[in-house]
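Coordinates in review
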Amino acid sequence: VALVGPPRVRAATGKALPAPVNLSAPPLARTATTVLLLWDRPGEAEAITSYQVFSEGKLVGETDRQAFTARHLKPGTLHHFSVRSRRATGVSSVLSEALAVATKAAGPVVNVRDLGARGDGVTKDTAAIQKALDECPAGGTVLVPAGVYAVDHLDLRSDLTLEISVGATLQFLP
């Protein structure tokens, strides 16, 4: 049996692997530099083991889930995403329908360390982090850099991003 089409797009049975469907990016899951992408598993999609995510036609990641967070995006910019299904054998679907998503404009950044948080795992940092949350203007970001921040309670509000950096932990006290 000769298969016509792009290499590795059709299974040995000649049946094409279906692309993911209903690609979306919930508005409340978008920041200035990140976008959460969600999609549905295609019907008759036995043996899909992963999904590859593309931005502007370039591979940006692979996941075994039906969700992916695109990171390090340019703020206030329109980005185009698509996803394709893959089997363990390397067979891939065609790309899903593209989705255009705009990141939010970059707002001011309030670093919790600038307001007295230590992040040493010993000092109680609740007051400094809460001050950053309270003082952060709408559309801004509260940045928690690497460290262990001991806190007992934080009041969050809408229209700000709480960015917990790699290596940062909010350790909630009993």
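Residues numbered from 1 in each chain as written. Predicted model: local features only at pLDDT ≥ 70, side-chain atom pairs only at ≥ 80, totals over all residues. Heavy atoms only, no water.

**Regarding the overall build of the protein**
Where we set the bar: Starting at the N terminus, helices and strands are each numbered in turn, a helix being any DSSP run of H or I of at least four residues and a strand any DSSP run of E of at least two. Throughout, radius of gyration means the C-alpha value; the globule benchmark is 2.2 Å times the number of residues raised to the power 0.38. The classification of residues rests on relative accessible area computed with a 1.4 Å probe and restricted to protein chains. Under 20% of the type maximum is buried, over 50% is exposed, and intermediate values are partly exposed.
From N to C terminus, the protein includes 1 helix and 13 strands. Each helix and strand of the protein, placed in order from N terminus to C terminus, yields the pattern β-β-β-β-β-β-β-β-β-α-β-β-β-β. Against the compact-globule benchmark of 16 Å for 174 residues, the protein has a radius of gyration of 21 Å, which places it well outside the compact range. Across its three principal axes, the protein shows a C-alpha extent of roughly 70 × 30 × 20 Å. Looking at the 174 residues of the protein, the share that counts as buried comes to 40%.

**Quick word on the pairing of strand β6 (residues 78-87)**
Put simply, the rule reads: In this description, strands pair whenever DSSP reports at least two bridges between them.
Of all 10 residues that make up β6, 7 are buried, and the element is covered over most of its length. Bridge analysis of strand β3 (residues 48-55) against β6 gives 7 bridges, and the strand direction is antiparallel. Bridging across to β6, Phe54 finds its partner in Ser82. Two strands pair when backbone bridges link them, and β6 and strand β7 (residues 99-102) are joined in this way by 4 bridges, in the antiparallel orientation.

**A few points about the environment of Gly57**
Counting through the fold element by element, Gly57 comes out in the loop between β3 and β4 (58-63). Spatially, the C-alpha atom of Gly57 lies 7.8 Å from that of Ser82, the residues being 25 residues apart in sequence.

**A short note on the packing of aromatic side chains**
The following threshold applies: Centres within 6.5 Å make a pair out of two Phe, Tyr or Trp rings, where for Trp the six-membered ring is used; the pair is then stacked when the planes are under 30 degrees apart, edge-to-face when over 60, and tilted otherwise.
Summed over all chains, the structure comprises 1 aromatic pair. Taking 5.4 Å as the distance between ring centres and 65° as the angle between the ring planes, the aromatic pair formed by Trp39 and Tyr51 counts as edge-to-face. Of this pair, Trp39 sits in strand β2 (residues 35-40) while Tyr51 sits in strand β3, and the two are 12 residues apart along the sequence. On the basis of relative accessibility, which here comes to 4%, the residue Trp39 falls in the buried class.

**Some words on the sheet that holds strand β12 (residues 160-164)**
We apply this condition: An axis is simply a line fitted to the C-alpha atoms; with a helix, the fit covers only the stretch in contact. Between two such axes, the angle follows the N-to-C directions and lies from 0 to 180 degrees.
Within the open sheet, the 3 strands sit side by side as β8-β10-β12. Their pairing is parallel. The sheet is open, and its two borders are formed by β8 (109-111) and β12, each paired with just one other strand. When the angles between neighbouring strand axes are averaged without regard to direction, this sheet yields 20°. Strand direction decides the pairing type here: β8 and strand β10 (residues 140-144), joined by 3 bridges, are parallel. Its bridge partner lying in β10, Val110 is registered against Val142.

**Examining the sheet that holds strand β5 (residues 67-70)**
Taken together, the 3 strands give an open sheet; going across it, the order is β1-β2-β5, and neighbouring strands pair in antiparallel fashion. Looking at strand neighbours, the two that pair on one side only are β1 (21-24) and β5, the edges of this open sheet. Sheet twist, expressed as the average angle between the axes of neighbouring strands with direction ignored, equals 15°. The pairing of β2 with β5 spans 4 bridges and is classified as antiparallel. Opposite Leu38, over in β5, you have Ala67 as the bridge partner.

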